[in-house]
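Residue-level structural notes
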Amino acid sequence: TGSSLVEDDKIDLAKELMAKAEEKGVEIVLPTDVVVADAFDAEANTQVVSAEEIPEGWMGLDIGPDSLKTFQGKLEECKSVIWNGPMGVFEMDAFAKGTFGVADTLAKMGENGAITIIGGGDSVAAVEK
């Protein structure tokens, strides 16, 4: 996780939910790559790495390009989507590609008849941006 924020008290809950999803045949899609930075700053040094290999002292601030493609492909299969939460720190251009890529996909889906519901202040702010 490098220096990424992690809610340690939620790890067991996440594992439990993933196990329940697997039992019910529900696929949970997680990022495989991430855009990392050496500081929480728009001008920070960045690189794309495996989600499993975030370097020490770096933090994941957006999903990577492979994850975005995967998420977009999975979303395009859906007839309805409830989206709550951005993919990255969209307020900084260097970390906005994931959020705006998902938002663009949802907009196209809506034009083609899918139902898209966007909830949460940050997601709504991203769409309005």
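Located above this text is the structure these notes cover.
Residues numbered from 1 in each chain as written. Predicted model: local features only at pLDDT ≥ 70, side-chain atom pairs only at ≥ 80, totals over all residues. Heavy atoms only, no water.

1. What about the environment of Lys 10?
Selection criterion: For helices the rule is a DSSP run of H or I covering at least 4 residues; for strands it is a run of E covering at least 2, with both sets numbered from the N terminus onward. Each residue's exposure class comes from its accessible area (1.4 Å probe, protein chains only) as a fraction of the maximum for that residue type: buried when under 20%, exposed when over 50%, partly exposed otherwise.
Structurally, Lys 10 can be placed in the segment before α1 (11-23). Classification of Lys 10 by relative accessible area gives partly exposed; the value is 41%. In this structure the C-alpha to C-alpha distance between Lys 10 and Gly 101, which are 91 residues apart in sequence, comes to 28 Å.

2. With respect to the packing of helix α2 (residues 65-76) against helix α3 (residues 97-111)
Worth spelling out the cut-off: All axes here are fitted lines through C-alpha atoms, helices being fitted over the stretch that makes contact, and every angle between N-to-C directions spans 0 to 180 degrees. Geometric relationships in this document are graded by angle, where less than 35 degrees denotes roughly parallel, more than 145 denotes roughly antiparallel, 65 to 115 denotes roughly perpendicular, and other angles denote oblique. By convention, the crossing between two helices is left-handed when the near helix turns anticlockwise from the far helix through less than a right angle, and right-handed when the turn is clockwise. We call two residues in contact when some of their heavy atoms are within 4.5 Å.
Contact geometry of α2 with α3 gives a least axis separation of 10 Å together with a crossing angle of 20 degrees. Judged by the inter-axis angle, α2 sits roughly parallel to α3. In terms of crossing hand, the pair formed by α2 and α3 is right-handed. Only Lys 97, Gly 98, Gly 101, Val 102, Thr 105, Leu 106 and Met 109 of α3 make contact with α2, whose side of the interface consists of Leu 68, Gln 72, Leu 75 and Glu 76.

3. Some words on the nonpolar core
To keep it simple, the criterion reads: What is meant by a nonpolar core is a set of buried Ala, Val, Leu, Ile, Met, Phe, Trp, Tyr and Cys residues, joined one to another through side-chain atoms within 4.5 Å.
Judged by nonpolar contacts, Ile 63, Leu 68, Phe 71, Leu 75, Val 81, Trp 83, Val 102, Ala 103, Leu 106, Met 109 and Ala 114 together constitute the single largest core of eleven residues. Listed by contribution, the elements that provide at least two residues to this core are α2, β4 (80-84) and α3. No other element matches the four residues that α3 contributes to this core. Those residues within four positions of Val 102 in sequence are excluded, and the remaining contacts are Leu 68, Leu 75, Trp 83 and Met 87. Core analysis: the next-biggest nonpolar cluster, separate from the first, contains eight residues, Met 59, Leu 61, Val 89 and Phe 95 among them.

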